Amino acid sequence: QVQLVESGGGLVQPGGSLRLSCAASGSSFSIGIMGWYRQAPGKERELVATISSDGHTNYAESFKGRFTISRDNTNNTVDLQMNSLKPEDTAVYYCNVRARESGVVIFKTYWGQGTRVTVSS
C-alpha cells in the first residue's frame, strides 16, 4: 500500500507563488507516473500536470508557463511550483501516483488527501 501526504497549500494574494509537495511512502513499492490535479468548488477534478519517472512532463494547456512540476525519485516526492496565481486557481489540489508492489505487474492509482489553495486579496 502507498500513502501520499501533501503539503504547501494556504492563502496567497493574486500574483503570488506557492510550492506544493507530495511525499509517497510505503513498503516494497515502485512508482510510475506522478501528477497533480485540482478541484474547484462546484467543479470536476481536472488534470494540472504529470511527470514520468525519467522526467517527461505533461501539462494541461491552461497551466503551461505558470506551473512547473518536478519529482525526486530518490525521495519519492513530487512538487508543483505555482507562480502568478489567480483567484480562479483557488481549489483543492490533489497528488496522484500510479504505483505497484515489487514484483507485481499491475499498477494502481493512489490519491492524496488534498491541500487547499486559496488565492485572494
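Residues numbered from 1 in each chain as written. Predicted model: local features only at pLDDT ≥ 70, side-chain atom pairs only at ≥ 80, totals over all residues. Heavy atoms only, no water.

(A) Representation of the environment of Pro87 in the model. Relative to the assigned elements, Pro87 resides in the loop between β8 (77-82) and β9 (91-101). Note on Pro87: relative accessible area 45%, which makes it partly exposed. Linking Pro87 and Thr118, residues 31 residues apart in sequence, is a C-alpha distance of 7.4 Å. Apart from residues lying up to four places away in sequence, Pro87 is in contact with Pro14 and Val119. (Helix = DSSP H or I, 4+ residues; strand = E, 2+ residues; numbered from the N terminus. Buried < 20%, exposed > 50% of the residue type's maximum accessible area, 1.4 Å probe, protein only. Contact = heavy atoms within 4.5 Å.)

(B) Representation of the sheet that holds strand β7 (residues 67-72). Reading across from one edge, β1-β3-β8-β7 is the order of the four strands in this open sheet, with antiparallel pairing throughout. Only two strands of the sheet have a single neighbouring strand rather than two, namely β1 (2-7) and β7. Adjacent strand axes in the sheet meet at a mean angle of 15° when their direction is disregarded. (Pairing = 2+ DSSP bridges. Axes fitted to C-alpha atoms, helices over the stretch in contact; angles between N-to-C directions.)

(C) Structural view of the pairing of β9. Taken across its 11 residues, β9 has eight buried, putting it largely inside the fold. The pairing of β9 with strand β11 (residues 115-119) spans three bridges and is classified as antiparallel. From the neighbouring strand, Ala91 faces β11, where its bridge partner is Val117.

(D) Focus on the side chain of Thr115. Of note, Thr115 is situated in strand β11. Classification of Thr115 as buried rests on a relative accessible area of 11%. One polar contact links the side chain of Thr115 to the main-chain amide nitrogen of Gly9, over a distance of 3.2 Å. Every residue in contact with Thr115, bar those within four places of it in the chain, is listed here: Glu6, Ser7, Gly8, Gly9, Leu20, Trp36, Ala91, Val92 and Tyr93. (Polar contact = N/O pair within 3.5 Å; in protein donor to acceptor, adjacent residues only side chain to side chain.)

(E) Quick peek at the pairing of strand β4 (residues 29-39). Pairing of β4 with β9, which is carried by nine bridges, proceeds in the antiparallel orientation. Within β9, the position partnered with Ser30 by the bridge is Arg100. Where β4 and strand β5 (residues 46-51) come together, five bridges link them in antiparallel fashion. Within β5, the position partnered with Met34 by the bridge is Ile51. Linking two consecutive strands that pair antiparallel, namely β4 and β5, is a turn of six residues; a positive phi of about 75° is found at Gly42 within it.

(F) Layout of the side chain of Arg38. Within the fold, Arg38 resides in strand β4. A polar side-chain atom of Arg38 sits 2.9 Å from a polar atom in the side chain of Tyr93.

(G) Seen up close, unusual backbone geometry. Even without glycine at this site, Ser28 takes up a positive phi of about 50°. Topologically, Ser28 is positioned in the loop between β3 (18-26) and β4. In this structure Ser28 comes out as exposed when scored by relative accessible area, which is 54%. Look at Asn76: it is not a glycine, yet its phi comes out positive at around 55°. Summarising the element assignment, Asn76 is placed in the loop between β7 and β8. Classification of Asn76 as partly exposed rests on a relative accessible area of 23%.

So yeah, pure geometry; function would need other evidence.
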